[in-house]
Amino acid sequence: MTECKYEGLIDRYLLHQMGEGERNEFEEHYFNCASCFAKMVERDEIVGVLKREKSVFAAEERPAIEARTTALHERVFAFFTPKQWALAGAAAALLIAVLTMTPLFRNGHSEFVMNGEETVRGSSLTLISPVIDINAVPAYFEWKKLGDDVEYQVSIYNGDLLWKTSTKDNTVSLPEDIKSRMIAGQRYSWQVKAFSKEGTLIAVSSRVQFTVNPAN
Amino acid sequence: MTDTQPEIDLDELVLKYRPVVSFRVRKALGGATPDWEDVADEIITQVIEKIKNGEFRGESSIGTFIYTITSRRIVDHIRQKTKVLRHAPEPSAFPDPHETVENRERAEQIANAVKGLKPKFREVLYLYYYKEMPREEVARRLGIPPRRVSERVNYALKLIKKDLKK
């Protein structure tokens, strides 16, 4: 016997899960379909009891159902259906196989090319001063030392590069001629790059902006 | 052309559609609303009058004709009540099975049938109907595919119906 396509909607109707349009359509249908109406009345009777008679689910059983169904491991496991877990497992195995096999098909080693902004290690280079607006032209610039045998390249910008120098110390003083070119109210920025003794770029600071406030 | 009106056996019509109209009205107004039966009666009377007056011309099915009258009357009733009560009556989710002794006995039968089910069926009914969780959520909670939830619900309902026929 062929099942009416509306039969599958009985629960949604009884549990008030339908939007207005769908509900109207379903209601019009059961005015015209004696089979669906009979099945709905029968289901409504059972669902009504299930909704009202809490006792049908033994009091001691309810927390057990809740606890069992919300256990963390079950929730994690139940994130996918068994079929989906199987597919995910197969996909992971395929990915591992591809990653393992790929180097075998390469001709020699790939070339590792770095541009001026890439670093070999992920060291962070922290600027100490100046990092906020200041009232006078800074006498020196300071950053956090990374280690011995590190050379720092300091650049100061006023839109364009104003001054650039290198040092093995973690501070640098501004030459007088540069100081004299820095004017109040102008926005400046500075950045430090660290190089190993082999000349490899190992860290780049962020570019920090500051303004020399006009004297009151 | 009134002579082409479809012939309708009114007694048969009332017998067939009274339960349908009553069900729809009770769902809309709530079984606890005292006048739902009066509204259902009014609708049936209205349907008979309209058919006698030749207002049903067979342009739609008789079911749709009665559904339309029912829906309009329900809306009118809620509007009237809204004017009086300042708010629409709250439809209750399900009719109270304790309305009559017969209903109470039937409810007890159903409850006993549910209690007699295996825990795996009771828990799916609990989550799906009592907690009103979507099928997918029940599936996640129980760690089974959604299709299996439907199968368990349908099988549990089948077992309950079988138990009721004993």
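Because the structure is predicted, anything quoted here is derived from the model rather than measured. (Residues numbered from 1 in each chain as written. Chains lettered and ligands numbered in written order. Predicted model: local features only at pLDDT ≥ 70, side-chain atom pairs only at ≥ 80, totals over all residues. Heavy atoms only, no water.)

A. Representation of helix α2 (residues 20-32) of chain A within the structure. For α2(A), which comprises 13 residues, the first-to-last C-alpha distance of 19 Å matches the rise-based estimate of 18 Å (1.5 Å per residue) to within 8%. Buried within α2(A) are the following residues: A:F26, A:E27, A:H29, A:Y30 and A:F31. (Helix = DSSP H or I, 4+ residues; strand = E, 2+ residues; numbered from the N terminus. Expected span 1.5 Å × (residues − 1). Buried < 20%, exposed > 50% of the residue type's maximum accessible area, 1.4 Å probe, protein only.)

B. Spatial organisation of the side chain of A:H29. Residue and element names in this part refer to chain A. Residue position: H29 is located in helix α2. Under the relative-accessibility criterion, H29 is labelled buried at 15%. Each residue touching H29, except ones within four places of it in the same chain, is listed here: C4, Y6 and C36. (Contact = heavy atoms within 4.5 Å.)

C. Quick look at the interface of chain B and chain A. Contact with chain B, which involves 47 residues of that partner, is made by 42 residues of chain A. Buried surface at the junction of chain B and chain A, both sides included, amounts to about 4500 Å², of which 63% is carbon and sulfur. The residue B:R106 makes a salt bridge to A:E45 at a minimum N-O spacing of 2.8 Å. Applying the counting rule to chain B against chain A returns 14 residue pairs in polar contact (both at pLDDT 80 or more). Class assignment for the residues of the side of chain B that touches chain A results in 28 nonpolar, seven polar and 12 charged. (Buried area = accessible area lost by both parts, 1.4 Å probe. Salt bridge = Lys/Arg side-chain N within 4 Å of Asp/Glu carboxyl O. Polar contact = N/O pair within 3.5 Å; in protein donor to acceptor, adjacent residues only side chain to side chain. Nonpolar A, V, L, I, M, F, W, Y, C, P; charged D, E, K, R; others polar.)

D. Focus on the pattern of salt bridges. Taken as a whole and assessed by the stated rule, the structure comprises 18 salt bridges over all chains. Across the salt bridge formed by A:E22 and A:R12, the nearest N and O atoms sit 2.5 Å from each other. Taken as a pair, A:E22 in helix α2 and A:R12 in helix α1 (residues 10-14) lie far apart in primary sequence, 10 residues in all. With a relative accessible area of 28%, A:E22 lands in the partly exposed category. Judged by its relative accessible area of 29%, A:R12 is partly exposed. Residue A:D44 is joined to B:K27 by a salt bridge in which the shortest nitrogen-to-oxygen separation is 3.1 Å. With one member in each of two chains, A:D44 in helix α3 (residues 34-52) and B:K27 in helix α1 (residues 10-29) form a pair that bridges those chains. Note on accessibility: A:D44 and B:K27 belong to one class, buried. Where salt bridges share partners, they join B:E137, B:R140 and B:R141 into one cluster.

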